[in-house]
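Residues per chain, in single letters:
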Amino acid sequence: MGFTSSQLATASLIGQIGGGVTSAVGSYFSAATQKINLNTQAAIADSNARIAEVGAQSALLQGQQQVGALTLKAGQLKSSQRASMAANGIDLGVGNAAEIQASTDIMKEIDANTLTANAVRSAWGYRTQAVNFQNEALMKRAGADSISPGMAAAGSLLGSAGTVASSWYSLNKLKE
């Protein structure tokens, strides 16, 4: 038993319709998956931004601790200097004795300012990273928001409908 050309053409048309529906379903799920992936990447970028901010705060705290340790050491040095000079009968408020103490204070301030500046620079780097991660998250969310699985499916169906319509038209022309 053989099939007529009309029966084969009708079967082909039905196959095209099935293929169009399958393509639409595939387009829907592909777009939905892409949207989920972008939102997940945005959440990861948000998490990375929070981690970078923690790094910035840690750098600032570490700088404060270093300045505290430096101040303690400088205070101990100055006390040692004063005790040594006083033990030798040197007047602490004038001449070289006063200059040595002032020099110790100046060096402490220079070192403290350097430590503080280093901590601020390090924190700035972390905060720049945080902003970059936040921007990445915004871009990923915008990309996800622009994806419509329903529209992807509809577009696929419309494309398939054109092909089916063309085939149907050709089939009907053959029947005439």
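Let me sum up the structure you'll find in this document.

Rules behind the numbers
Residues numbered from 1 in each chain as written. Predicted model: local features only at pLDDT ≥ 70, side-chain atom pairs only at ≥ 80, totals over all residues. Heavy atoms only, no water. Helix = DSSP H or I, 4+ residues; strand = E, 2+ residues; numbered from the N terminus. Buried < 20%, exposed > 50% of the residue type's maximum accessible area, 1.4 Å probe, protein only. Contact = heavy atoms within 4.5 Å. Areas by Shrake-Rupley, 256 points an atom, 1.4 Å probe, with all protein chains shown as cover. Lys, Arg positive; Asp, Glu negative; His and termini not counted. Charge placed at Lys NZ, Arg CZ, Asp CG, Glu CD. Salt bridge = Lys/Arg side-chain N within 4 Å of Asp/Glu carboxyl O. Phe/Tyr/Trp six-rings, centres within 6.5 Å; stacked < 30°, edge-to-face > 60°. Expected span 1.5 Å × (residues − 1). Axes fitted to C-alpha atoms, helices over the stretch in contact; angles between N-to-C directions. Parallel < 35°, antiparallel > 145°, perpendicular 65-115°, else oblique. Nonpolar A, V, L, I, M, F, W, Y, C, P; charged D, E, K, R; others polar.

**Topic: the overall build of the chain**
Along the backbone of the chain there are three helices and zero strands. What you see in the chain, going N to C, is helices and strands ordered as α-α-α. Its C-alpha atoms give the chain principal-axis dimensions of roughly 125 × 25 × 20 Å. For the chain, the residues scored as buried account for 20% of the 176 residues in total. The contacts of the chain with a sequence gap of at least 6 include a subset with a gap of at least 24, amounting to 85%. Entry remark: accessible area of the chain is about 11,600 Å², with carbon and sulfur atoms responsible for 62%. Looking at the chain, you have 12 positive and 10 negative side-chain charges, and the mean spots of the two groups are 11 Å apart.

**Brief notes about the pattern of salt bridges**
Tallying each qualifying case throughout the model produces four salt bridges. Here Glu109 ties to Lys108 by a salt bridge, and the two come within 3.5 Å at their closest N and O atoms.

**Some remarks on the side chain of Ser156**
Mapped onto the elements of the fold, Ser156 is located in helix α3 (residues 149–175). The class for Ser156 is buried, based on a relative accessible area of 13%. Not counting residues within four places of it along the chain, the set of residues in contact with Ser156 comprises Gly20, Ser23, Ala24 and Ser27.

**Quick look at the environment of Ile44**
Position of Ile44 relative to the elements: it lies in helix α1 (residues 5–87). In this structure the C-alpha to C-alpha distance between Ile44 and Met107, which are 63 residues apart in sequence, comes to 45 Å.

**Points about the packing of aromatic side chains**
Under the criterion given, the structure shown has one aromatic pair. Between Tyr28 and Phe29, the aromatic rings sit 5.2 Å apart at their centres with planes inclined by 85°, giving edge-to-face as the arrangement. A residue is classified by how much of its surface remains accessible, and Tyr28, at 36% relative accessible area, is partly exposed.

**What about helix α2 (residues 95–145)?**
The end-to-end C-alpha distance of α2, which contains 51 residues, comes to 74 Å, matching closely the 75 Å that a straight helix rising 1.5 Å per residue would cover. Here the buried face of α2 lies against α1.

**Some thoughts on the environment of Asn37**
With respect to the helices, strands and loops of the structure, Asn37 is situated in helix α1. Sequence separation of Asn37 and Glu53 is 16 residues, and the distance between their C-alpha atoms is 25 Å.

**Side note on the packing of α1 against α2**
Remark: α1 packs on α2, axes separated minimally by 7 Å, with the N-to-C direction vectors making an angle of 175°. Between α1 and α2, the interaxial angle falls into the category roughly antiparallel. Tallied by class, the residues present in the contact of α1 with α2 amount to 26 nonpolar, 16 polar and twelve charged.

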